[in-house]
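Observations on the model geometry
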Amino acid sequence: MFFKQIKYRGDNFSYVVADEASRDAAVVDPSFNVDAIILLLKEKKFNLKYIINTHGHLDHTAGNEELKSAFHSKIVAHRLSRLNQDISVADDDTIRLGAIAIRVIHTPGHTPDSICLLVDGKLLTGDTLFVGECGRTDLAGGSAKDMYNSLLHRIAKLDDSIEVYPGHDYGPSPNSTIAREKQTNYTLQNRTLQQFIEFVQTL
Ligand SMILES: [Fe+2]
């Protein structure tokens, strides 16, 4: 599997995932990195089948339409998203890219349509989990209760060896692992739901 984390303009991370045999590719969150993404896709001769958004915030979806018209790709988002989407996905759906399977994990909290994507031992976490931090829950549609369930009942239950690739470069390193985040990320520490709700109000 080809996998690349891209940060070209701003602090948003975009990701290119591709099946090297079929050359089929997906971009996760084009953001402001489209120039670098197009250069890479052309250089590698990848067919961009899917543009997948971890959620509908503009800093992640910027570049969707430019990439779509350049490669005739389909925009994929959670069914609760208000985005202009060609394919709607839900929890536990699989997006297939040649021989590669990308699993959708619905992780609301930052927004109702937030998803994480699990592919080949890598978890792309959008604005749900950052290295050392979690996403805000005080924006429109945010929910501390949903974030608690997504972080503690979904993400923290994944295998320790899974690598974490966030939607922004906010932490001390551009990527991490579930094990490291469970040890060091203060938002993933053991709390009851009530303690977590009080905790995020202090952030
Ligand atoms: Fe966001």
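These numbers were taken from a predicted model, which means no experiment stands behind them.

Description of the side chain of Thr187
Here Thr187 is to be found in the loop between helix H5 (178–184) and helix H6 (193–201). Here Asn185 takes part through its side chain, which lies 2.7 Å from a polar atom of the side chain of Thr187.

What about the coordination of the iron ion?
Every protein donor of the iron ion is listed here as His55 (NE2), His57 (ND1), His110 (NE2) and Asp127 (OD), and their distances to the metal cover 2.2 to 2.3 Å. Geometry at the iron ion is irregular, judged from the four donor atoms that bind it and their angles of 87 to 174 degrees at the metal. Sequence spacing of the donors to the iron ion: H-x1-H-x52-H-x16-D. Of the two residues, His55 is situated in the loop between strand E4 (47–52) and helix H2 (58–61) and Asp127 in the loop between strand E10 (122–126) and strand E11 (129–130); the sequence distance between them amounts to 72 residues.

Digging into the sheet that holds E10
Read from one edge of the open sheet, six strands run E7-E8-E9-E10-E13-E14, paired in mixed fashion. The open sheet has two edge strands with one neighbour each: strand E7 (94–97) and strand E14 (176–177). Here strand E13 (residues 163–166) runs beside E14; their pairing, made up of two bridges, is antiparallel. Within E14, the residue paired with Val164 across the bridge is Ser176.

So, the state of the cysteines
Counting across every chain of the model gives zero disulfides. Sulfur of Cys116: no disulfide; nearest cysteine sulfur belongs to Cys134 and is 12 Å away. Taking the relative accessible area as the measure of exposure, Cys134 reaches 6% and is therefore buried.

Structural notes on helix H4 (residues 144–154)
Among all positions in H4, only Ala144, Met147, Tyr148, Ser150, Leu151 and Leu152 are buried. Against the buried residues of H4 lie E11, strand E12 (133–134) and H6. The backbone nitrogen of Lys145 has a side-chain oxygen 3.4 Å away, supplied by the residue at the start of H4, namely Ser143.

Some remarks on unusual backbone geometry
Although it is not a glycine, Lys45 sits at a positive phi angle of roughly 55 degrees. The residue Lys45 is located in the loop between helix H1 (34–44) and E4 in this model. Positive phi outside glycine occurs at His72, with the angle close to 55 degrees. Here His72 shows up in the loop between helix H3 (64–71) and strand E5 (74–78).

Rules behind the numbers
- Residues numbered from 1 in each chain as written.
- Predicted model: local features only at pLDDT ≥ 70, side-chain atom pairs only at ≥ 80, totals over all residues.
- Heavy atoms only, no water.
- Helix = DSSP H or I, 4+ residues; strand = E, 2+ residues; numbered from the N terminus.
- Polar contact = N/O pair within 3.5 Å; in protein donor to acceptor, adjacent residues only side chain to side chain.
- Donors = N, O, S within 2.8 Å, 3.2 Å for Na, K, Ca; no water.
- Tetrahedral: all angles 85-135°; square planar, octahedral: opposite > 155°, others 65-115°.
- Pairing = 2+ DSSP bridges.
- Disulfide = S-S within 2.5 Å.
- Buried < 20%, exposed > 50% of the residue type's maximum accessible area, 1.4 Å probe, protein only.
- Contact = heavy atoms within 4.5 Å.

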